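Spelled out, the chains give:
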Amino acid sequence: MDLELSEEQRIIVDTIRRFVREEIAPLEADLDPDASELHSDDRDRLVAKVREMGFYGLDIPARYGGPDIDIVTRTLMAIEMSQHRAGLYAPCYGVFGGAGLAQLYEASEDQKQRYLYPTLRGEKHGFFGLTEPSGGSDPARAIQTTAVKDGDDWVLNGSKIFISGADTADFGITFARTDSARGREGITCFIVDTDSPGFHVRRVVHTLRSTSYATELQYDNLRVPAANVLGEVNRGFAIANDRLTRQRIPYSAACIGVAVKAQEMAIAYANQRETFGDRLASRQAIQWMIVDNEIDIRTSRWLTLAAADKANRDQPFRTEAAMAKLVSTEAGGRVVDRSMQIHGGYGMTKDLPLERWYREIRIRRIGEGPSEVQRLIMARDLLGGSFH
Amino acid sequence: MQLRMSGPWRDLTAANIAALPGQLGVFQVADAGGNVIHIGFAGGRSLFGLRSALADEARNLGAQATSFRYEVNMQYQSRYKELLMLHAADYGDLPEHNRTDRPARLGRLG
């Protein structure tokens, strides 16, 4: 067991760190503090630079043209890429490119031609639509959207909420109940086109996060061809579950990156700010906050890298991913909160990124499965039973 | 919060602008015919929030801009985009003075 980074990993991490500090952070001085997009000329310039570095499309599998970087190294990169104001929800403003929806790599060749390859070429964008007004933590029971077979089509009726990117997407992956008597074995995954009659984006859902908002969707007799069933009929829950598990690793990494940056700011400020004739750093109350921050960061980091390592080895990693998600989101929130306390009044202002992180990282304890569900997942695995 | 902005329209005068709060938020500016010609926001970089953002509007749009309405809103980014999407859904395009500065990927409601 080697806990040291390899020479190659060290070089990659250092490269990303310099990129964030030299290319991304300076641009934020002129952007709105809540911005999530770069000006198009800056974005084009940086995308070209990332392509030149060989890192574009990081999460795209190598057989589809991705740079073939292992999951642990990608996690280390994700920790670096989020270390700026917009980094939690828009790491490097997306200039490293996306991989599209992971489920599409398991799609039929026809579906890949229509959705995956256009996505990889940047011609199409997709959304992931799982959560419903009736609940998101227990999709097997909460899904009330129905799909009924009608000739060669399925007809979907229902609604989805807290769905990111649906208003700008060309298509989406969504879930509906196709057999009401079979619980999780009665859910099917569909690819829906957003220009189809019956697909409606009803509203923006405003949250603590001013940018990268969510939406509420309604399916009103939305016809979906049978050719757009992703995987098998009544086997959609496994697709949803797999995605949720995998997503917990980068989700955790972004929280760690923000915590690292907040801690860096807290240390710099504590060493510079004086109160009652001495530096803040000389006060035990501040020292303990800094130490607690560091413990939170390192704990999150090792748990997340352990989950990434298991995923990399193709071993079961559901418990590890749940633990990483639980710890890094909660610890990240504590680190940002302590760092704001150290900064005093300035920590509350939009002059510093701390207030944005404070709002956005709160959502992380809910998004992608709340802390309580992560505990449930771990308990289920540890106790060896299936809870109903 | 209502989906569409519903506050009262006010004349875009120096006195009304001076009375505005220094908070963050969104606004619509209209011409004499009551047509919305610009939707904007007072973001975290504005010196005096809505007050300075509307003063900039009056200066930039000149005599064409005659009235405005606003909302104090900390979620000004998502509310701003929502108002743009609603306008596009209602009128088929963005307000006249938003067309040259379209967000990179504006969504659609409907």
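For every chain, the first residue of the written sequence is number 1, and numbering continues from 1 onward in sequence order. Going through the entries in the order they are written, you letter the chains from A and number the ligands from 1. Given that this is a predicted model, residues contribute local features only at a pLDDT of at least 70 and side-chain atom pairs are listed and counted only at 80 or more, while totals for whole chains, interfaces and linings are drawn from all residues.

S.K.: I keep staring at the overall build of chain B and nothing clicks. Help me out?
M.R.: The numbering of helices and of strands both runs from the N terminus, where a helix is a DSSP run of H or I of at least 4 residues and a strand a run of E of at least 2. Broken down by element type, chain B carries 3 helices and 4 strands. Along chain B, from the amino end to the carboxyl end, the secondary structure elements read β-α-β-β-α-β-α. Radius of gyration: over C-alpha atoms. The globule rule applied is 2.2 Å multiplied by the number of residues raised to the 0.38 power. Relative to a compact globule of 110 residues, whose C-alpha radius of gyration would be 13 Å, chain B shows 13 Å and is just as compact. Projected onto its principal axes, the C-alpha positions of chain B cover 40 × 30 × 25 Å. Residues with at least 20 other C-beta atoms within 10 Å of their own are called buried, those with 12 or fewer are called exposed, and the rest are partly exposed. The C-beta atoms themselves are positioned from the backbone. In chain B, which comprises 110 residues, the share counted as buried stands at 38%.

S.K.: In this structure, what is going on with unusual backbone geometry? I would like to understand it.
M.R.: Working note: non-glycine residues mostly have negative phi, and peptide bonds are mostly trans. Although it is not a glycine, Phe 162 of chain A sits at a positive phi angle of roughly 60 degrees. Its place among the elements puts Phe 162 of chain A in strand β3 (residues 153-164).

S.K.: Any chance you could explain the interface of chain B and chain A here in plain terms?
M.R.: Think of interface size as the accessible area that goes away when the parts come together; that is how it is often given. The contact criterion used here is simple: two residues whose C-beta atoms, placed from the backbone, lie within 7 Å are in contact. Each side of the interface is counted separately: chain B has 18 residues, and chain A has 16 residues. Partitioned by chemical class, the residues of the side of chain B that touches chain A number 6 nonpolar, 7 polar and 5 charged. Any residue outside Ala, Val, Leu, Ile, Met, Phe, Trp, Tyr, Cys, Pro, Asp, Glu, Lys and Arg is labelled polar, Gly included; the first ten of those are nonpolar and the last four are charged.

S.K.: Would you mind going over the pairing of strand β2 (residues 146-150) of chain A with me for this structure?
M.R.: Regular strands place side chains that alternate from one sheet face to the opposite one. All names here are of chain A. By the bridge criterion, 5 bridges tie β2 to β3 in an arrangement that is antiparallel. Within β3, the residue paired with Ala 147 across the bridge is Leu 156. In short, DSSP must find at least two bridges between two strands for them to pair. Here β2 folds back onto β3, and the loop between the two strands holds 2 residues, one of which, Gly 151, carries a positive phi near 65 degrees.

S.K.: So what exactly am I meant to see when it comes to helix α3 (residues 71-81) of chain A here?
M.R.: Every α-helix carries 3.6 residues per turn, so stepping three or four residues along brings you back to the same face. Residues and elements named next belong to chain A. When you tally the buried positions in α3, you get 10 out of 11 residues, the bulk of the element. Those residues of α3 not exposed but buried are Ile 71, Val 72, Arg 74, Thr 75, Leu 76, Met 77, Ala 78, Ile 79, Glu 80 and Met 81. The inward-facing, buried residues of α3 abut α1 (7-28), α6 (236-272) and α7 (284-312).

S.K.: Teacher, can you tell me more about the environment of Leu 31 of chain A here?
M.R.: Along the chain, Leu 31 of chain A falls in the loop between α1 and α2 (40-53). Measuring from C-alpha to C-alpha, the distance between Leu 31 of chain A and Gly 158 of chain A comes to 38 Å, with 127 residues separating the pair along the chain.

S.K.: What is the right way to look at the nonpolar core in this model?
M.R.: If you look at soluble globular proteins, the nonpolar side chains tend to sit buried side by side. All names here are of chain A. Here, a nonpolar core means buried Ala, Val, Leu, Ile, Met, Phe, Trp, Tyr and Cys residues linked by C-beta atoms lying within 7 Å of one another. Of all hydrophobic cores here, the largest spans 62 residues; its most connected members are Val 258, Ala 259, Ala 262, Ala 307 and Val 336. Elements that contribute at least two residues to this core include exactly α1, α3, α6, α7, α8 (318-343) and α9 (354-363). Counting residues per element, this core draws most heavily on α6, at 13 residues. Counting residues in hydrophobic clusters, the runner-up holds 42 residues, among them Ile 143, Val 201, Val 229 and Phe 237.

S.K.: What is the right way to look at the sheet that holds strand β3 (residues 36-42) of chain B in this model?
M.R.: As a general point, the strands of a sheet are linked pairwise by backbone hydrogen bonds and lie either parallel or antiparallel. Residue and element names in this part refer to chain B. Pairing within the open sheet is antiparallel, and its 4 strands lie in the order β1-β4-β2-β3. At either end of the open sheet lies a strand with only one pairing partner, and these are β1 (10-11) and β3. The pairing of strand β2 (residues 25-30) with strand β4 (residues 67-72) spans 6 bridges and is classified as antiparallel. When the bridges of β4 are listed, Phe 27 appears paired with Tyr 70.

S.K.: Looking at this structure, I do not really get the environment of Lys 112 of chain A. What am I missing?
M.R.: Tracing the chain through its elements places Lys 112 of chain A in helix α4 (residues 109-120). Discounting residues that sit within four places of it in the chain, Lys 112 of chain A has contacts with Leu 104, Ala 107 and Tyr 117 of chain A.

S.K.: Before we go on, may I ask you to explain α6 of chain A in this structure?
M.R.: To estimate how far a helix should extend, the number of its residues minus one is multiplied by 1.5 Å. The terminal C-alpha atoms of α6 of chain A, which comprises 37 residues, lie 55 Å apart, in line with the 54 Å expected from a rise of 1.5 Å per residue. The principal kink in α6 of chain A, of about 30 degrees, is found at Arg 248 of chain A, preceding the proline Pro 250 of chain A by one to four residues. Here the bend at each residue means the angle between axes fitted to two seven-residue stretches, the one ending at that residue and the one beginning there.

Shape descriptors only; they carry no functional weight alone.
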